[in-house]
Amino acid sequence: MPALTRRHLLSATALVAFSSSALGRSLTGSLPWQPNEAYPPQLVRPGGWYFLTADEAAMVDAIVTRFIPADDLSPSGKDAGCTVFIDRQLAGPYGTYEWLYMKGPFSANPLPTQGIQSPLVPQQQYRQGLAALAAHCRDQFGGKRFEQLTGDEQDGVLRAMEKNELQLGQLKRPLLDAKMFFDLLLQNTMEGFFADPVYGGNRDMVGWKMVGFPGTRYDFRDVLANPGQVYNKPPVSIIGRPAWNGRPA
Amino acid sequence: MSRLPKKDVVIIGLGWTGSIMAHELAQAGLDVVAIERGPWRDTASDYNIGTAPDELRYAIRQDIFLRPAQETLTARNTPDQVALPIRKYGSFLPGNGVGGAGVHWNGHTWRFMPTDFNLRSHLVGRYGEGFLPEHSTIQDWPVSYDELEPHYDFFEKVCGISGKAGNLRGATQAGGNPFEGWRSDEYPTPPLKPNLAQNLFHKAATELGLHPFPLPGANVSTAYTNPYGVRMAPCTYCGFCEWFGCANYSKSSPQTCVLPVLMRQTNFEARTLSEVTKINLAPDGKTATGVTYVDSAGREWEQPADLVLLCAYSLFNVRLLMLSGIGTQYDPATGKGTLGRNYAYQTNAGSLGYFDKDTHFNHFAGAGSLGMMADDFNGDVFDHGPHGFIGGANLACNSTNARPISSRVVPPGTPRWGAQWKKATVETANHTANVGSQGSSYSYRDCYLDLDPTYKDPLGRPLMRMTFDFKENELKMSRFIVDRTAEVMQAMGAKQVVKNYKRGPWDVVPYQTTHNTGGAVMGNTPEDSVVNRYTQHWDVPNVFVSGACLFPQNAGYNPTGTVGALTYWALDAIKNRYLKNPGQPMVQA
Ligand SMILES: Cc1cc2nc3c(=O)[nH]c(=O)nc-3n(C[C@H](O)[C@H](O)[C@H](O)COP(=O)(O)OP(=O)(O)OC[C@H]3O[C@@H](n4cnc5c(N)ncnc54)[C@H](O)[C@@H]3O)c2cc1C
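In this text the structure is predicted, and so the values were computed from the model without any measurement. (Residues numbered from 1 in each chain as written. Chains lettered and ligands numbered in written order. Predicted model: local features only at pLDDT ≥ 70, side-chain atom pairs only at ≥ 80, totals over all residues. Heavy atoms only, no water.)

S.K.: Is there a simple way to explain the overall build of chain A in this structure?
M.R.: Assigned secondary structure in chain A consists of nine helices and one strand. Along chain A, helices and strands appear, N-terminal first, in the series α-α-β-α-α-α-α-α-α-α. Looking at chain A as a whole, 51% of its 249 residues qualify as buried. Put simply, of all contacts in chain A between residues at least 6 apart along the chain, 60% involve residues at least 24 apart. (Helix = DSSP H or I, 4+ residues; strand = E, 2+ residues; numbered from the N terminus. Buried < 20%, exposed > 50% of the residue type's maximum accessible area, 1.4 Å probe, protein only. Contact = heavy atoms within 4.5 Å.)

In structure tokens form, the structure reads like this:
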């Protein structure tokens, strides 16, 4: 199919991953190389929610801010864009576990060594988990919402989830329990804080600056020439860095 | 189903072994087609420098790996448990698409030791039969190190492996591994430059009387032109190697070493996004007539061929044999049958060291194969008599990356979130190092592969079922090794050392290694192997099997150096012997 590049196929099927949308083809005689063919991720811009409702987003904002509170080391998880990141991830193939094996039967008693065995995909886990958490807060804190609790109260709720000492409504293992939901929230928050900023979190590379990760410079032969020295160059992401766009680094 | 014109050779899978087979046989003048279930992939488009270094996309979401929705396995630890599907790949991550796992491997490129090949007779000779663990099914390989040496050498040259020889035709070389088998030649490119951790390890190991040497790696250290005329560029220590494609043409892979010349041969054709579903047999069951495959539009095709080469990765080679009804399924209850027998893995563990604030490791400047090693406790280099286990591991101090989603370290006892977590993360960042190990995994009667009774793939065919656990022998070996890693770490100057012992049962979630071995092992008789010493199927002589499924058990090394050597060993037999007498077994059963 000489006239049809994979880029065509990609745009024709919007967000569907190219390997499932492209067609089988026969190649012979030369490398099937096309100029300017590459598969960049879509740049996430904040603004509006693609999967979360406004109420859910407010709750996630509060949670990511307890996970990553603002201090002199970095801005908060919310200000770093973790909620935007989570929302966009949930709206994409990750949110539906599109790439995972999700055929039944789903066992009621999986072994601890058998990994994910819940039929609930991340979209459902967030929807049901956040609803149950909201109900829990309403019951336990006189009708308040999670984001209306004090920081200490919020930490207490999160700690109880982490220790699996909180019951999330009717939810239980292997479907979802407080600890499983906590682990998912924490994992996704950390992903957002440390992933390339192209995905909507780690805004201005605040996560990378915090840990001294120089990002995607791709050539560190200068470091190997002189091991053990402090490295001071600012990080670079696959969307560049603010200074390149006329903003301070 | 449409029937296509016949080819001389059909190759199932265009990864490491498939691309080498295709290139050599096309060069020999045969009409070759390779059928690959994933997409076409190449450096400029798929591993572009502007998109390749993306931790979330590749290492976390596993964008270029085989997606479980397409094919997965079921897993359990023991035969009395119910296996459940690996819904998300974790412990191992098979490849998908042209280049296979060769695209996103780490590149540690080893030769097994000479005694790894005559393992059983060597151990029984030295320690007696009673020294072997209960239910051990280890056996000698049907090939020797000496026979494989020229093929190891050529594979290393195709890859441009960086390293330092320790044994050149029997003469020990300073700076290399004194315990390695003899080498006919030096490594094609010099070792990578060490980072701080490698320098500290080298010094500490030497002080402890060990014999450190640089990790042989598929990251070329200098500009290099391989025997096929393909050119590679020096590694830049980008820190996005394992789990990523290389944008620099520095990591040896089918893309960087073979495909540019393979694709110029007009008697070769690649068909992508086409999944082979079955090897077809003639009515007598003794000859393969070709393969059936399904393309991405769901159309089914029959590709007849004289010679069928299974190059679909270790696990999927085994499954395709099962689905095609070729060979006899192994049964752990009776010990009869060979297909699926002797599945083994790798036993990895190590120690983490916390250093003071003036020690800046800069692991972000790393490469998949940037490491310093010691083999003093690998294979049977040391006397196992006092220890009561068999096997061993190499000790490794690597600097591969500091990608922050996965590579964040805090001291034990630190909360996982909140202000304290932040403080500890910042204080610890860049001040830790790891001394790890790649340990042997020997075969046992109840570790095996078969077809799952319940779970199916999208085409409705049974998934393969994996029954595997780490056995006491391996755990004991690994405890001994981890204690050694901790000694080195201490000597490197760590102010705190945390030993991370390997613990069973085997868990499908944390990444361990994509070193799945056995299941279609090579051997001297059809009673204990699926293929003969030339990797030719005992029952169907025009089917050859590639990959680590051939290993009777796994050694204390990554497999691909040996997989590459076996591929060239098989090619030598195919080109120089089989093709003169096609369809005939090269070894009489
Ligand atoms: C993350 C990672 C790190 C690794 N690091 C190392 C390392 O440091 N050192 C080392 O020695 N090894 C390492 N390995 C292992 C190494 O990649 C493999 O040993 C090697 O690629 C095996 O070659 P192969 O040809 O058998 O399989 P592959 O290279 O995987 O190729 C198999 C091909 O067959 C295709 N295929 C499968 N089924 C079908 C079908 N039914 N029809 C058509 N096509 C099919 C696949 O899509 C794939 O392209 C690593 C692997 C991974 C995933």
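S.K.: Before we go on, may I ask you to explain the UniProt feature "domain: Glucose-methanol-choline oxidoreductase N-terminal" (unreviewed entry) in chain B in this structure?
M.R.: As recorded in UniProt, the sites labelled "domain: Glucose-methanol-choline oxidoreductase N-terminal" (unreviewed entry) are residues 234–337 of chain B. With 17% helix and 31% strand, residues 234–337 of chain B has end C-alpha atoms that lie 48 Å from one another. (UniProt positions renumbered as here; feature names shortened; annotations may be inferred.)

S.K.: What is the right way to read the state of the cysteines from this model?
M.R.: Two cysteines form a disulfide when their sulfur atoms are joined by a covalent bond. Evaluated as defined, the whole model comprises zero disulfides over all chains. No disulfide involves C447(B); its nearest neighbouring cysteine sulfur is the one of C549(B), lying 17 Å away. (Disulfide = S-S within 2.5 Å.)

S.K.: Would you mind showing me how to read the side chain of T72(B) here?
M.R.: Residues and elements named next belong to chain B. With respect to the secondary-structure elements, T72 resides in the loop between α3 (55–60) and β4 (73–76). Looking at T72, the relative accessible area reads 0%, which means it is buried. Polar contacts involving the side chain of T72 include one to the main-chain carbonyl oxygen of I86, which spans 2.6 Å. (Polar contact = N/O pair within 3.5 Å; in protein donor to acceptor, adjacent residues only side chain to side chain.)

S.K.: Would you mind going over the pairing of strand β20 (residues 462–467) of chain B with me for this structure?
M.R.: A regular strand places its side chains on the two faces of the sheet in alternate fashion. All names here are of chain B. Counting buried residues in β20 gives five out of six residues, a clear majority hidden from the surface. As paired strands, β4 and β20 are joined by four bridges and run parallel to one another. Paired with L73 across the bridge in β20 is M464. As judged from the five bridges shared by strand β19 (residues 448–456) and β20, these two strands associate in the antiparallel manner. Bridging from a neighbouring strand, L451 pairs with M464 of β20. Here β19 hands over to β20 after five residues, with G460 in that stretch at a positive phi of 85°. (Pairing = 2+ DSSP bridges.)

S.K.: Explain the side chain of D153(B) to me, please; I cannot follow it from the model alone.
M.R.: Residues and elements named next belong to chain B. Following the sequence through the fold, D153 ends up in helix α6 (residues 145–159). We classify D153 as buried; its relative accessible area is 11%. The contact partners of D153, leaving out residues within four places of it in the chain, are R111, S184 and D185.

S.K.: Explanation requested: the pairing of β4(B) in the structure shown.
M.R.: All names here are of chain B. Residues L73 and A75 point to one face of β4 and T74 and R76 to the other, with burial holding for every one of them. Relative to strand β5 (residues 84–85), β4 runs antiparallel, the two sharing two bridges. Across the sheet, residue T74 finds its bridge partner in β5, namely P85.

S.K.: Just checking my understanding: could you explain helix α5 (residues 119–127) of chain B for this structure?
M.R.: Spacing of three or four residues puts side chains on the same side of an α-helix, whose turn is 3.6 residues. Residue and element names in this part refer to chain B. Where α5 is concerned, the buried positions are L119, L123 and Y127. Projection of α5 onto a plane perpendicular to its axis shows the buried side chains occupying an angular sector of 25°, all on one side. Structurally, α5 contributes buried residues whose contacts are with α4 (114–117). Of the residues trailing α5, G128 is marked for its positive phi of about 90°. (Arc of directions from axis to C-beta.)

S.K.: How should I be thinking about the interface of chain B and chain A in this particular structure?
M.R.: By a widespread convention, an interface's size corresponds to the accessible area lost as its parts come together. Of the residues lining the interface, 94 residues belong to chain B; the matching set on chain A comes to 85 residues. A combined buried area of about 7,400 Å² lies between chain B and chain A, and 63% of that area is made up of carbon and sulfur atoms. Counting every contact that joins chain B to chain A gives four salt bridges. Measuring nitrogen to oxygen at the nearest pair gives 3.0 Å for the salt bridge that ties R416(B) to D183(A). At the boundary of chain B and chain A, one finds 33 residue pairs in polar contact (both at pLDDT 80 or more). Sorting elements by how many residues they give to the side of chain B that touches chain A places helix α11 (residues 418–428) of chain B first, with seven residues. Looking at the side of chain B that touches chain A, its residues break down into 49 nonpolar, 22 polar and 23 charged. (Buried area = accessible area lost by both parts, 1.4 Å probe. Salt bridge = Lys/Arg side-chain N within 4 Å of Asp/Glu carboxyl O. Nonpolar A, V, L, I, M, F, W, Y, C, P; charged D, E, K, R; others polar.)

S.K.: Even after reading the chapter, I still don't get the site of the ligand, so can you show me in this structure?
M.R.: Residue and element names in this part refer to chain B. By nearness alone, 36 residues border the ligand, and T17, E36, G97, H108 and T560 come closest of all. Between an oxygen atom of the ligand and a main-chain N or O atom of G97, the distance comes to 2.9 Å. Contacts to the ligand include N106, whose backbone N or O atom sits 2.9 Å from a nitrogen atom. A per-element tally of the shell around the ligand places strand β12 (residues 274–281) first, with three residues. When its residues are assigned to classes, the shell around the ligand shows 14 nonpolar, 18 polar and four charged. (Near = heavy atom within 4 Å.)

S.K.: Could you clarify how one ought to interpret the packing of aromatic side chains in this entry?
M.R.: Aromatic ring pairs are described here by two measures, namely the spacing of the ring centres and the angle between the planes. Tallied over the full model, the rule gives 49 aromatic pairs over all chains. Summarising the aromatic geometry, the rings of Y89(B) and F92(B) are spaced 5.9 Å apart at their centres and angled 50° between planes, so their arrangement reads as tilted. One exposure class covers both Y89(B) and F92(B), and it is buried. The structure contains a cluster of three or more aromatic residues connected by ring pairs, namely W110(B), F112(B), F117(B), W141(B), Y145(B), Y152(B), W182(B), F213(B), F551(B) and Y557(B). Here R61(B) stacks its cationic end above the ring of Y94(A), 3.7 Å away from the centre of that ring. Above the face of the F480(B) ring, R484(B) is positioned so that its terminal group lies 4.6 Å from the ring centre. (Phe/Tyr/Trp six-rings, centres within 6.5 Å; stacked < 30°, edge-to-face > 60°. Lys NZ or Arg CZ within 6 Å of the ring centre and 35° of its normal.)

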